[in-house]
Amino acid sequence: MSVVSKGDKIFITSLLIPTLFFLSFVEFIPIIYALLYSFTSSSTFNPTINFIGLNNYINIIYSTFFWQDVINTLEYGSVTAIVQTLLGLGLAILFKDKKGSLYTIAKALIFIPYALPYISVSLVWKFLLDPQYGAVNKVMLALRLINDPIDFFGNPSNAMWSVMFVTIWQFFPFAMIILYAALESVPKDRIEAAQVDGAGPIQVFKHVTWPYIRKIFFITLFLRFLFNFGKFDHVWLLTGGGPLRVTETLPVAAWIISFQQYNYGVATSVAILNLLLLIPFLLIFLLSVYRER
Amino acid sequence: MVDKKIDISLKEIIRLAIIIIMVLFSFLPLIWMIAASLVPEDILFRSIIPITTNITLKHYNYVFSRTDFTRWYINSLIVGFTNILITMPTATMMAYVATRFKQKYPWLKAFGPFALFLYMIPGIVLALPLVLIFGYLKLFDTLLGVAIANSTWSMPLSLWLLWGYFENIPPELEEAAFVDGASRWQVLSRIIIPIARPGMAAVSIFSFLTVWLDYLFALTLIRSEANYTASLGITWLIKEYSFAWGELTAAATLMAIPSTIIAFLSFKYLLYGFQMTLKGVR
């Protein structure tokens with residue numbers, strides 16, 4: 001198989017073309033379009049290409065909302081990623097070496113939220129956390145933990161934490177599964193050897209397990225961060241970016257500017273900036289993962 | 001009977017307690033949702049936890065008979081299966097070529113990080129221009145359009161998963177067939193695809209789930225009520241009956257059913273898949 005024959009070339013080309021065609025249609029052309037329109041003063045109703053140079057970007061960078069949105073996006077992305085991954089690791093450690101069917105059912109039950117539609121998740125949590133009717137407030141009032149009901153999504157000082165909480169609730173099972181798989185792949189003989197040498201559980205984790213799963217841990221952390229950095233659904237469904245824009249992340253801002261303020265040019269600029277801000281993190285990630293190969 | 005040593009050390013009790021708390025943490029909201037959909041509204045508003053013997057199916061009945069939810073639900077299924085049809089064959093072909101010819105064409109090695117990069121592109125960056133592009137192509141406000149748009153997530157993920165999968169199929173299997181004079185096409189259809197079937201099934205499940213969970217693309221690319229997906233349908237219900245929690249939780253429960261089944265059935269396989277992929281990473 002060292003020589004690629006003409007037949008092979010036809011084979012390769014005909015297998016690659018459908019995907020490449022498709023990817024260019026749904027990924028590359030849209031990005032070029034977004035970039036193109038980000039230099040225009042186009043409206044959403046009537047998209048026309050009337051170039052205004054870098055004006056959109058300059059206006060956005062000097063606007064008050066943008067930097068707050070960047071901070072919100074970074075906060076949302078990083079806090080959810082860190083908590084999910086640590087929570088996932090903690091549970092993975094608890095489940096390590098537990099393969100009984102009850103444990104499998106427990107793992108599967110914990111995993112279910114990850115597969116739920118965003119609309120169902122947001123609906124349930126908006127109800128559970130409702131200040132008037134929500135079960136959480138009712139329980140806390142009944143137990144006298146609080147005197148007045150907490151407005152989780154309506155109060156500006158709680159809203160971001162509440163949105164992050166729901167995001168973590170839905171996504172931490174992913175971290176749990178990946179890290180559980182990683183823990184199970186740590187060679188048993190190394191752990192036993194360390195135990196024979198008199199190492200306690202903490203020392204075994206620190207010197208044997210952790211070096212083995214460290215890479216997977218950081219991959220998971222970064223994947224969750226990058227994914228949540230561009231995530232629209234939870235914020236939009238739970239708060240719509242409010243109250244007082246305290247939960248407004250860049251994807252939500254772009255959507256609002258496009259479909260509520262009808263300013264397509266500015267909206268595509270914000271979306272492009274969202275992508276550009278993500279790229280340095282992505283490069284760090286890819287370089288650190290693939291460098292060692 | 002094997003006489004198992006019963007380990008009731010404090011450590012085990014704490015471990016079990018935390019696991020039970022986490023299962024409740026993940027699962028109680030779902031139980032609450034199902035319960036809320038089955039009890040009369042006055043009980044739901046009065047009680048802390050909606051438990052009663054007075055179970056009613058009227059909320060479900062209402063959702064089915066008085067709204068278009070059935071149609072929206074079917075729309076979501078159509079979009080999901082269309083997405084599988086688009087993603088699965090193309091991703092399988094590309095992932096296979098990329099793994100088998102990477103010695104010959106080293107640029108194919110950039111394939112893994114490239115798929116990951118595509119997966120990380122914020123949905124909004126694609127959703128905004130797709131409004132225009134689909135407008136030209138008469139795909140705006142169609143189910144096919146939403147299925148295609150969702151492949152921006154399902155395709156990179158499928159490519160990445162299948163990449164790991166094909167890496168684990170030893171090339172010796174094919175080489176024997178080549179020695180026997182089989183063509184590449186025969187090897188692909190008679191050897192590779194049968195072996196890759198579990199991987200392709202997993203990818204199909206993921207593609208379906210992507211669509212089933214999606215909100216952004218449906219919200220951005222669908223306008224007419226007849227083409228709503230179930231997610232948009234629930235949003236419509238929220239707007240129309242903002243405090244009809246019974247109906248809303250009934251619809252949300254109906255949407256959670258396929259997800260829960262998929263999560264339960266695919267869980268063990270998924271775990272195995274991750275373990276295989278992690279072997280590849282190391």
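Residues numbered from 1 in each chain as written. Chains lettered and ligands numbered in written order. Predicted model: local features only at pLDDT ≥ 70, side-chain atom pairs only at ≥ 80, totals over all residues. Heavy atoms only, no water.

Novice: It is not clear to me how the overall build of chain B should be interpreted in this structure. Could you clarify?
Specialist: What chain B contains, in helices and strands, is twelve helices and zero strands. Its helices and strands in sequence order give chain B the pattern α-α-α-α-α-α-α-α-α-α-α-α, from N to C terminus. Projected onto the principal axes, the alpha-carbon positions of chain B cover approximately 75 × 70 × 30 Å. Buried residues in chain B amount to 57% of all 282 residues. Accessible area for chain B stands at about 12,800 Å²; split by element, carbon and sulfur atoms hold 69% of it. (Helix = DSSP H or I, 4+ residues; strand = E, 2+ residues; numbered from the N terminus. Buried < 20%, exposed > 50% of the residue type's maximum accessible area, 1.4 Å probe, protein only. Areas by Shrake-Rupley, 256 points an atom, 1.4 Å probe, with all protein chains shown as cover.)

Novice: What am I meant to see in the overall build of chain A here?
Specialist: Within chain A, the secondary structure is distributed over twelve helices and zero strands. Starting at the N terminus and ending at the C terminus, chain A contains elements arranged as α-α-α-α-α-α-α-α-α-α-α-α. For 293 residues, the compact-globule estimate of 2.2 N^0.38 gives 19 Å, and chain A exceeds it by more than 25% at 24 Å. Along the first, second and third principal axes, the C-alpha set of chain A runs to 75 × 75 × 30 Å. Burial status across chain A gives 56% buried among its 293 residues. Of the contacts made within chain A by residues no fewer than 6 positions apart, 66% connect residues no fewer than 24 positions apart. With the model as given, the accessible surface of chain A reaches about 12,700 Å², and the carbon-plus-sulfur share is 67%. (Rg over C-alpha atoms; globule rule 2.2 N^0.38 Å. Contact = heavy atoms within 4.5 Å.)

Novice: So what exactly am I meant to see when it comes to helix H3 (residues 58–66) of chain B here?
Specialist: Note on helix geometry: an α-helix contains 3.6 residues per turn, so any two residues three or four positions apart are oriented the same way. Residues and elements named next belong to chain B. Where H3 is concerned, the buried positions are His-59, Tyr-60 and Val-63. Mapping the buried residues of H3 onto a view down its axis gives an arc of 105 degrees, with all of them on the same face. Seen from the buried face of H3, the exposed residues on the opposite side, beyond 90 degrees, are Asn-61, Ser-65 and Arg-66. (Arc of directions from axis to C-beta.)

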